[in-house]
Amino acid sequence: MLKYHVAVCDDEKSDLDGIVQSVQQYDVQGCFDIETYMDGNELLSELQMQKKSFDLLLLDIEMPSNGFQLAQSLIQMEKHPLVVFVTKRHEYAVQGYGIAFRYLVKPLDQTLFAAAMDAVLQELNSKHFTIECDGVTMSLETSDIYFLESHGHKVLIHCKEQDLTLRMSIPEALEQLPKRCFVSPHKSYLVNMEHIVYATGTAVFLSSGHQLPISRRKRQEFNQIFNAYLGR
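The model shown is predicted, which means the values in this text are computed figures rather than measured ones.

**Some details on the overall build of the chain**
Scanning the chain for helices and strands turns up 7 helices and 15 strands. The C-alpha extent of the chain, read off along each of the three principal axes, is 60 × 40 × 35 Å. Across the chain, every contact between residues at least 6 apart in sequence was considered, and the portion connecting residues at least 24 apart equals 52%. Looking at the chain as shown, the accessible area adds up to about 12,800 Å², and 47% of this sits on carbon and sulfur atoms. Looking at charge distribution, the chain has the averaged site of its 21 positive side-chain charges lying 11 Å from that of its 30 negative ones.

Given below as structure tokens:
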């Protein structure tokens, strides 16, 4: 099972303990490793110096270090945690738009908290692709994958750091990957839309420098999916 690293940051000890308890009550599958902070500047420093890395941050807004400013600093980092704001004041919700993944009000309602955490898990799971390679289980970040290519009875995964070969088909790979991120422009390829620089009627151009074909049979479906991804 994939484990996620969670940071909880709140300068009030009772509120900090309450948030941790809510996470533990939700986490019946044991998906989360939790660390706590009462100083937002300490958390930010550890992340900037790459001493720590977190998948999720449950963050109080009303702290001396200012939760909004901390979150804004975090989202400028190349790899940053999902941020869920937890605060006592409803009016902060609009101000947090575009920064936080979710917004929760203290005292936490466990039903609303569970719904937010369900969304968090779905988002986090979509960021990882778990594979078996040479007898070793690996978890790839989907953002590190440029595209997958059919290679005989195997699939070649082109990543930022290395290329990997799996014994599976393109349709089988698509079943395991987040469909909101990947599209097939051709029966032999799956492309991570995050890395598409532009597309013509016949080809896809990626940030890696690769150029992949768009087949006539796949063209309409590809355009619909890619335009939806772009929000058109």
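**With respect to the sheet that holds strand β2 (residues 32-37)**
With parallel pairing, the 5 strands of this open sheet are ordered in space as β2-β1-β3-β4-β5. The open sheet has two free edges, formed respectively by β2 and β5 (102-105), since each of these has just one partner strand. Averaged over neighbouring strand pairs, the angle between their axes works out to 20° when direction is ignored. Together, β1 (4-9), β2, β3 (56-60) and β4 (82-87) form the strand contacts of helix α1 (residues 13-26), whose direction differs from that of β2 by roughly 180°. Across the sheet, helix α3 (residues 67-74) lies against β3 and β4, angled at about 155° from β3, the strand it touches most.

**What to know about the sheet that holds strand β13 (residues 196-199)**
With antiparallel pairing, the 3 strands of this open sheet are ordered in space as β13-β14-β15. Whereas interior strands pair on both sides, the edge strands pair on one side only; in this sheet they are β13 and β15 (211-213). Direction aside, neighbouring strands of the sheet carry axes that sit 25° apart on average. Note that strand β14 (residues 203-206) and β15 share 3 bridges and pair antiparallel. Counted as the bridge partner of A203 is P213 from β15.

**As for the domain arrangement of the chain**
With domains assigned, the chain is organised as domain 1 (4-127) and domain 2 (134-230). Here the C-alpha centre of domain 2 lies 32 Å away from the C-alpha centre of domain 1. Taken together, the contacts link 5 residues of domain 1 with 7 residues of domain 2. A combined buried area of about 420 Å² lies between domain 1 and domain 2, and 28% of that area is made up of carbon and sulfur atoms. Interface area lost by domain 1 to domain 2 is led by K79, S126 and K127, which between them contribute 84%. Counting every contact that joins domain 1 to domain 2 gives 0 salt bridges. At the surface where domain 1 touches domain 2, the tally comes to 0 residue pairs in polar contact (both at pLDDT 80 or more).

**Let's talk about the nonpolar core**
Counting 22 residues, the largest nonpolar core has V8, F32, L56, L58, V84 and F113 as the members making the most contacts within it. Listed by contribution, the elements that provide at least two residues to this core are β1, α1, β3, β4 and α5 (110-126). Ranked by residue count, the leading element in this core is α5, at 6 residues. Core analysis: the next-biggest nonpolar cluster, separate from the first, contains 18 residues, A7, L59, L74 and F85 among them.

**Some words on the environment of F222**
With respect to the helices, strands and loops of the structure, F222 is situated in helix α7 (residues 219-229). Once the C-alpha coordinates of F222 and I19 are considered, the two residues, 203 residues apart in sequence, prove to be 43 Å apart. Sequence-distant contacts of F222, defined by excluding residues within four places in its chain, comprise V183, P185, I196, A199, V204 and I214.

**Remarks on the packing of helix α2 (residues 40-48) against α3**
For the pair α2 and α3, interaxial distance at closest approach is 10 Å and the crossing angle is 5°. Taken as axis vectors, α2 and α3 run roughly parallel relative to one another. Contacts between α2 and α3 involve G40, L43, L44 and L47 from the former and L70, S73 and L74 from the latter. Looking at the contact of α2 with α3 residue by residue, the class counts come to 5 nonpolar, 2 polar and no charged.

Parameters and conventions
- Residues numbered from 1 in each chain as written.
- Predicted model: local features only at pLDDT ≥ 70, side-chain atom pairs only at ≥ 80, totals over all residues.
- Heavy atoms only, no water.
- Helix = DSSP H or I, 4+ residues; strand = E, 2+ residues; numbered from the N terminus.
- Contact = heavy atoms within 4.5 Å.
- Areas by Shrake-Rupley, 256 points an atom, 1.4 Å probe, with all protein chains shown as cover.
- Lys, Arg positive; Asp, Glu negative; His and termini not counted.
- Charge placed at Lys NZ, Arg CZ, Asp CG, Glu CD.
- Pairing = 2+ DSSP bridges.
- Axes fitted to C-alpha atoms, helices over the stretch in contact; angles between N-to-C directions.
- Domains from an automatic or database assignment.
- Buried area = accessible area lost by both parts, 1.4 Å probe.
- Salt bridge = Lys/Arg side-chain N within 4 Å of Asp/Glu carboxyl O.
- Polar contact = N/O pair within 3.5 Å; in protein donor to acceptor, adjacent residues only side chain to side chain.
- Core = buried A, V, L, I, M, F, W, Y, C linked by side-chain atoms within 4.5 Å.
- Buried < 20%, exposed > 50% of the residue type's maximum accessible area, 1.4 Å probe, protein only.
- Parallel < 35°, antiparallel > 145°, perpendicular 65-115°, else oblique.
- Nonpolar A, V, L, I, M, F, W, Y, C, P; charged D, E, K, R; others polar.

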